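Structural description and commentary
This is what each chain is made of:
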Amino acid sequence: MIANGKVPHLDLELEKKVQDTLLKLADQCLLSSAHDCSDGGLAVAAAECCFSSLGRRAIGCKLTPDGLGLSAEALLFGESPSRIIVSFAPQSLERVKEIVGDCPFEVIGRVTVDKVDIAINGASRISVTVRELEDLWRESLRSRLET
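Residues numbered from 1 in each chain as written. Predicted model: local features only at pLDDT ≥ 70, side-chain atom pairs only at ≥ 80, totals over all residues. Heavy atoms only, no water.

Of regular secondary structure, the protein chain possesses five helices and six strands. When the helices and strands of the protein chain are read in sequence order from the N terminus, they spell out α-β-α-β-α-β-α-β-β-β-α. Over its C-alpha trace the protein chain gives a radius of gyration of 16 Å, about what one expects of a compact globule, namely 15 Å for 147 residues. Based on the C-alpha atoms only, the size of the protein chain along its principal axes is roughly 50 × 40 × 30 Å. Per-residue burial over the protein chain gives 29% buried out of 147 residues. Considering only contacts in the protein chain between residues 6 or more positions apart, those separated by 24 or more positions represent 75%. For the protein chain, the distance from the average site of its 17 positive side-chain charges to the average site of its 22 negative ones is 4 Å. (Helix = DSSP H or I, 4+ residues; strand = E, 2+ residues; numbered from the N terminus. Rg over C-alpha atoms; globule rule 2.2 N^0.38 Å. Buried < 20%, exposed > 50% of the residue type's maximum accessible area, 1.4 Å probe, protein only. Contact = heavy atoms within 4.5 Å. Lys, Arg positive; Asp, Glu negative; His and termini not counted. Charge placed at Lys NZ, Arg CZ, Asp CG, Glu CD.)

Once that is clear, we can look at the pattern of salt bridges. Pairing is possible between side chains that carry opposite charge, provided their charged atoms lie close to one another. Evaluated as defined, the whole model comprises five salt bridges. A salt bridge links K115 to D117, with the shortest nitrogen-to-oxygen separation between them at 4.0 Å. We classify D117 as partly exposed; its relative accessible area is 21%. E134 is the partner of R138 in a salt bridge, and the nearest nitrogen-oxygen pair spans 2.5 Å. Taken as a pair, R138 and E134 lie in helix α5 (residues 130-146) at a separation of four residues, close to a single helical turn. (Salt bridge = Lys/Arg side-chain N within 4 Å of Asp/Glu carboxyl O.)

Attention now goes to the packing of aromatic side chains. According to the stated counting rule, one finds two aromatic pairs in the structure shown. For the pair F51 and W137, a centre-to-centre distance of 5.1 Å together with 45° between the ring planes defines the contact as tilted. Of the two residues, F51 is situated in the loop between α2 (41-50) and β2 (60-63) and W137 in helix α5; the sequence distance between them amounts to 86 residues. When its relative accessible area of 5% is taken as the criterion, F51 is described as buried. When the centroid spacing of 6.4 Å and the interplanar angle of 35° are considered together, the rings of F88 and F105 count as tilted. Of this pair, F88 sits in the loop between β3 (84-87) and α4 (93-100) while F105 sits in the loop between α4 and β4 (109-112), and the two are 17 residues apart along the sequence. F105 gets classed as partly exposed once you look at its relative accessible area, which sits at 33%. (Phe/Tyr/Trp six-rings, centres within 6.5 Å; stacked < 30°, edge-to-face > 60°.)

Strand order in the open sheet formed by four strands is β4-β2-β5-β6, and the pairing between neighbours is mixed. At either margin of the open sheet sits one strand with a lone partner, and together these are β4 and β6 (123-129). When strand polarity is set aside, the average angle formed by the axes of neighbouring strands in this sheet is 10°. Lying over the sheet, α2 contacts β2, β5 (115-120) and β6, oriented at roughly 150° with respect to β2. (Pairing = 2+ DSSP bridges. Axes fitted to C-alpha atoms, helices over the stretch in contact; angles between N-to-C directions.)

What follows covers α2. Extensive coverage of α2 is indicated by the burial of eight of its ten residues. Residues of α2 that are buried include every one of G41, L42, A43, A45, A46, A47, C49 and C50, and no others.

Ranked by internal contacts, the top residues of the largest apolar core, which has 19 residues, are L42, C61, L63, L76, I85, V116 and I118. Those elements that provide at least two residues to this core are α2, β2, α3 (72-77) and β5. In terms of residue count, the dominant contributor to this core is α2 (six residues). Grouped together as the second largest cluster of nonpolar side chains are nine residues, L25, L30, I99 and C103 included. (Core = buried A, V, L, I, M, F, W, Y, C linked by side-chain atoms within 4.5 Å.)

Attention now moves to the side chain of S82. On the secondary structure map, S82 appears in the loop between α3 and β3. Non-local contacts of S82, meaning those with residues more than four positions away in its chain, are made with L10, D11, L14, E15 and V18.

Keep in mind these numbers describe shape, not what the thing actually does.
In structure tokens, the structure reads:
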């Protein structure tokens, strides 16, 4: 049940622009990763990007998104459409910006070693090891079924 909320509007033109831009970045082999924010929002997508996968060890991230006038909850967990977290090599930033052009794009952080650290407008909101998050994520269904 949604109380006092609106379902986010999907701007199909924006969505096409975002998807076309991602394809161009992928075609140029500039992306290290890409993950949409549609299932849990920015915080969940960032955490999932950090989890170990396909033989890759877990990594961390330090994010400092602008609050954009939103509550921390809306910014971190809102599932509004056409939001994708991408990672790329720091030395590729200018080439990425060139390809992105007028598609909405903002550098909100960097890859780190083993923690997910997220601060909004200078205030720390999340600071936890990736191992803790991944353990909770992997065991969440089991723990619900066992209670």
